[in-house]
Amino acid sequence: MAVSEIIGAAVGVILLIIVAYVIVSGTLIAGETMANSQKDLTILQETRLRTSLELSSIEQNKSIIYANITNTGSEIIGDFKHMDVLVYDNDLTDHYQIFPYAPGGVPETPLAWGIDNRYGEFIHPYELDPGEVYRIRINSAGDNPGWFQITTANGVSASAFT
């Protein structure tokens, strides 16, 4: 009988060690996950603070809007497919419409925007470096767009009246 009590106690101690290991490792993994997500969020916020846009030379030809977009921040802007343009147009029933980026260059169909002129860039092609200017073209569905806003992938935006 004494042997069975010793074996039972040993099994109980082993089970306690296993449970403690599972709890401690789970706590450590949760803590590491929280620390990594906080670090990633801080990096995203720092990137957002270094991003800035400016719109200039705005021209409107019925449903087409042309504008120069200047990177006035210190962060490179290159994720155009995740950038959107929001246009307010009095002729449309919904008034506000979101236009996605047309990756093939200047859009020929309505409800899209694209880069019309890159002004001969040669450093980091297809990325808007700090201080660089791109000319964009926005094709609205209506003939009376009065305001538009361009928003980067990290949430920084610039807006202007046409």
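A brief look at the structure comes next. (Residues numbered from 1 in each chain as written. Predicted model: local features only at pLDDT ≥ 70, side-chain atom pairs only at ≥ 80, totals over all residues. Heavy atoms only, no water.)

1. Quick notes on the pairing of strand β2 (residues 64–71)
Phase 1: In terms of residue burial, β2 counts as a mostly covered element, since eight of its eight residues are buried.
Phase 2: Neither face of β2 is open: one carries I64, Y66, N68 and T70, the other I65, A67, I69 and N71, and all of them are buried.
Phase 3: Sheet topology places strand β1 (residues 53–61) next to β2; seven bridges connect them, and they run antiparallel. Bridging across to β2, L55 finds its partner in I69.
Phase 4: Counted along the chain from β1 to the antiparallel partner β2, the turn is two residues long, and its residue K62 has a positive phi close to 55°. (Buried < 20%, exposed > 50% of the residue type's maximum accessible area, 1.4 Å probe, protein only. Helix = DSSP H or I, 4+ residues; strand = E, 2+ residues; numbered from the N terminus. Pairing = 2+ DSSP bridges.)

2. Structural notes on a nonpolar patch on the surface
Phase 1: Side chains of V3, I7, V11, I14, L15, I18, Y21 and V22 sit close together on the surface and give an oily, nonpolar patch of about 810 Å² of accessible area.
Phase 2: Position of I18 among the secondary structure elements: in helix α1 (residues 2–49). (Patch = residues over 30% accessible without salt bridge, like charges linked within 9 Å, V, L, I, M, F, W, Y side chains within 5 Å. Areas by Shrake-Rupley, 256 points an atom, 1.4 Å probe, with all protein chains shown as cover. Salt bridge = Lys/Arg side-chain N within 4 Å of Asp/Glu carboxyl O.)

3. Quick look at the layout of surface pockets
If a probe as big as a water molecule is rolled over the atoms, it shows which places are left empty.
Phase 1: In this structure, the largest pocket spans a volume of roughly 150 Å³.
Phase 2: As for the largest pocket, its lining consists of L44, T47, T51, E75, I76, I77, G78, D79, M83, T152, A153 and N154.
Phase 3: Split by residue class, the lining of the largest pocket holds five nonpolar, five polar and two charged. (1 Å grid on protein atoms, 1.4 Å probe; cavity = no way out; pocket = protein on both sides within 12 Å on 5 of 7 lines; lining within 4 Å. Points joined across faces, edges and corners; volume = space filled by probe spheres on them. Nonpolar A, V, L, I, M, F, W, Y, C, P; charged D, E, K, R; others polar.)

4. Quick word on the nonpolar core
It is characteristic of soluble globular proteins that their nonpolar side chains tend to be buried jointly.
Phase 1: Core analysis: the biggest nonpolar cluster contains 22 residues, and I69, F80, V85, W113, I138, F148 and I150 have the highest contact counts within it.
Phase 2: Of all the secondary-structure elements, those providing two or more residues to this core are β1, β2, β3 (84–89), β5 (112–117), β6 (133–139), β7 (145–151) and β8 (157–161). (Core = buried A, V, L, I, M, F, W, Y, C linked by side-chain atoms within 4.5 Å.)

5. Describing the sheet that holds β1
Sheet strands pair by backbone hydrogen bonding; their relative direction is either parallel or antiparallel.
Phase 1: Ordered in space as β1-β2-β6-β5, the four strands form an open sheet in which the pairing is antiparallel. Unpaired on one side and paired on the other, β1 and β5 mark the two borders of the sheet. Each neighbouring strand pair of the sheet contributes to a mean axis angle of 25°, computed without reference to strand direction.
Phase 2: Pairing analysis gives seven bridges linking β2 to β6, with the strands arranged antiparallel. (Axes fitted to C-alpha atoms, helices over the stretch in contact; angles between N-to-C directions.)

6. Quick notes on the pairing of β8
Phase 1: Along β8, the buried face is formed by A158 and A160; none of S157, S159 and F161, which line the opposite face, is buried.
Phase 2: As judged from the five bridges shared by β7 and β8, these two strands associate in the antiparallel manner. Counted as the bridge partner of I150 is A158 from β8.
Phase 3: Where β7 folds back on β8, the antiparallel hairpin that results is connected by five residues, among which G155 adopts a positive phi of roughly 95°.

7. A short note on the packing of aromatic side chains
Phase 1: Taken as a whole and assessed by the stated rule, the structure comprises five aromatic pairs.
Phase 2: An aromatic cluster is defined as three or more aromatic residues linked by ring pairs; in this entry it consists of F80, Y101, W113 and Y134.
Phase 3: R118 extends its terminal NZ or CZ atom over the ring of Y134, reaching a point 5.2 Å from the ring centre. (Phe/Tyr/Trp six-rings, centres within 6.5 Å; stacked < 30°, edge-to-face > 60°. Lys NZ or Arg CZ within 6 Å of the ring centre and 35° of its normal.)

Worth remembering: the numbers are spatial, not functional.
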